[in-house]
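Single-letter residue listing:
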Amino acid sequence: IKRIGVLTSGGDAPGMNAAIRAVVREGLHLGLEVYGIFDGYEGLHQGKIKPLDRNSVSDVINRGGTFLGSARFPEFKQQKTREEAIENLKKYGIDALVVIGGDGSYMGAKKLTEMGYPCIGIPGTIDNDIPGTTYTIGFDTALNIVVEAIDRLRDTSASHKRISIVEIMGRYCGDLTLGAAVAGGAEFVVIPEKGYSEAELLGQIKAGIAKGKTHMIIAMCEHVTKVDKLAEHIQAETGHDTRATILGHIQRGGTPTAQDRILASRMGSFAVKLLLEDQGGRCIGVVNSQMVHYDIIDCINNMKRPFNQELFDLSDSLF
Ligand code: F6P
């Protein structure tokens, strides 16, 4: 392998820039040439490819987002689109590709690998929903943003004796919501892994009020229910003023935490070393603080993320 490419795909995540930087700098350090592919798989298909040098990644370690740009590109599911993308890579003499992104990005990397083009997947998403790793790049930063938002909501809901529902991203993974609920001291946590019953939640809220609680925070993972409607129902049932706040894309921006920068740097460097050992078709993770790698196809098809039951129990017992 002489020349590698790097792209970011799917929803951006803080720390992606640090990962790109690590791929570029480790690659150059080990005698490779590194090319940046702009705007994810869409840019790959359109041939938006440029060489990167040391200076291309100066002053990016502290920046949120991804300077390479990102895109959701469902067309990459088509075999023909991928064949055209591989042609572009061959045109530039790029032998292997590092893909930084979430599950959709892994799927693209898996398909390219199956077509004989070696890819390495680095987990970059605030959702923390990728198997084979305890943490994804961007999760820690988003977690801190959400906790800060909950702290702010607590100030105002305590002052007004209100119930506050906060909708948190994560797609169908409750990690961000659960972590933020424990760190932010939320009274209730609703995550997809545990199912949801509005009647049960209402019962618990009423029990809280009966115990003398004057304000409460409900940490709610997105896609579980319509939070505006729920706020109306809670208000009607309890007589307590209730507000819903959807944090939205604010959770995805901003300066990456030190943890995310370190994780991204380790993963970027590790990806390059694996490629040099001819280990294509792998995805990277961190487990028990150690870098690990798995077959990307096995990871997508068979591996499951363990659920953190201990943290869930904690969110309940500390209420
Ligand atoms: O995967 C990251 C994520 O932010 C999810 O948490 C969220 O469901 C989704 O992306 C939002 O996607 P978009 O940026 O396309 O609206």
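Residues numbered from 1 in each chain as written. Predicted model: local features only at pLDDT ≥ 70, side-chain atom pairs only at ≥ 80, totals over all residues. Heavy atoms only, no water.

A.B. asks: How should the sheet that holds strand β4 (residues 96–101) be read in this particular structure?
C.D. replies: Sheet strands associate in pairs through backbone hydrogen bonding, adopting either a parallel or an antiparallel arrangement. Across the sheet, which stays open at both edges, the seven strands sit in the order β3-β2-β1-β4-β5-β10-β11 with mixed pairing between neighbours. Either end of the sheet is taken by a strand with one partner, and the two such strands are β3 (49–52) and β11 (290–295). Neighbour-to-neighbour, the strand axes of the sheet open up by a mean angle of 30 degrees, direction not taken into account. The strands touched by helix α9 (residues 258–276) are β1 (3–9), β4, β5 (119–123), β10 (282–287) and β11; relative to β10, the strand with the most contacts, the crossing angle is about 140 degrees. (Pairing = 2+ DSSP bridges. Helix = DSSP H or I, 4+ residues; strand = E, 2+ residues; numbered from the N terminus. Axes fitted to C-alpha atoms, helices over the stretch in contact; angles between N-to-C directions. Contact = heavy atoms within 4.5 Å.)

A.B. asks: Looking at this structure, how should I read the site of the ligand?
C.D. replies: Close to the ligand lie R72, T125, D127, M169, G170, R171, E222, H223, H249 and R252, which account for all nearby residues. Here an oxygen atom of the ligand sits 3.2 Å away from a polar atom, N or O, in the main chain of G170. Summarising the interface, the protein chains cover 76% of the accessible area of the ligand, which totals 400 Å² for the free molecule. Along the lines of polarity and charge, the residues of the shell around the ligand split into one nonpolar, four polar and five charged. (Near = heavy atom within 4 Å. Polar contact = N/O pair within 3.5 Å; in protein donor to acceptor, adjacent residues only side chain to side chain. Areas by Shrake-Rupley, 256 points an atom, 1.4 Å probe, with all protein chains shown as cover. Nonpolar A, V, L, I, M, F, W, Y, C, P; charged D, E, K, R; others polar.)

A.B. asks: Any chance you could explain unusual backbone geometry here in plain terms?
C.D. replies: Note: most peptide bonds trans; most residues except glycine with negative phi. Non-glycine residue R171 carries a positive phi angle of around 60 degrees. Within the element layout of this structure, R171 appears in the loop between β6 (163–168) and α6 (175–184). Positive phi, close to 50 degrees, is recorded for N288, a residue that is not glycine. When you line up the elements, N288 lands in the loop between β10 and β11.

A.B. asks: What exactly am I supposed to notice about the packing of aromatic side chains here?
C.D. replies: The description of an aromatic ring pair uses the distance of the two centres, along with the angle that the planes make with each other. Enumeration over the complete set of coordinates arrives at five aromatic pairs. Relative to F76, the ring of Y41 has its centre 4.2 Å away and its plane inclined at 20 degrees; by these criteria the two rings are stacked. Taken together, the residues span a long stretch of sequence, with Y41 in helix α2 (residues 40–46) and F76 in the loop between β3 and α3 (79–91) at a distance of 35 residues. Classification of F76 by relative accessible area gives buried; the value is 5%. Taken together, the aromatic side chains of Y41, F73 and F76 make up a single cluster linked through ring pairs. Its guanidinium or amino end placed over the ring of F38, K50 lies 5.2 Å from that ring's centre, counting from NZ or CZ. Here the guanidinium or amino end of K194 rests over the ring plane of F312, the centre of that ring lying 5.1 Å away. (Phe/Tyr/Trp six-rings, centres within 6.5 Å; stacked < 30°, edge-to-face > 60°. Buried < 20%, exposed > 50% of the residue type's maximum accessible area, 1.4 Å probe, protein only. Lys NZ or Arg CZ within 6 Å of the ring centre and 35° of its normal.)

A.B. asks: Teacher, can you tell me more about the side chain of S315 here?
C.D. replies: Note on placement: S315 falls in helix α11 (residues 309–317). Polar contacts involving the side chain of S315 include one to the main-chain carbonyl oxygen of F312, which spans 2.6 Å.

A.B. asks: What's the story with the pattern of salt bridges in this structure? I'm lost.
C.D. replies: Here the idea is simple: oppositely charged side chains can pair when their charged atoms come close. Inspection of the entire model under this criterion finds 14 salt bridges. When the shortest N-O distance is used, the salt bridge between E148 and R152 registers 2.4 Å. Here the residue E148 and the residue R152 both occupy positions in helix α5 (residues 139–160), the gap between them amounting to four residues, near one helical turn. Note on E148: relative accessible area 42%, which makes it partly exposed. In this structure, the salt-bridge partner of E232 is K229, at a minimum N-O distance of 3.6 Å. Placement of the pair is E232 and K229 together in helix α8 (residues 227–238), with a separation of three residues, close to one helical turn. Overall, K229 belongs to the partly exposed group, its relative accessible area being 45%. One network of salt bridges, in which partners are shared, links R154, E187 and K213. (Salt bridge = Lys/Arg side-chain N within 4 Å of Asp/Glu carboxyl O.)

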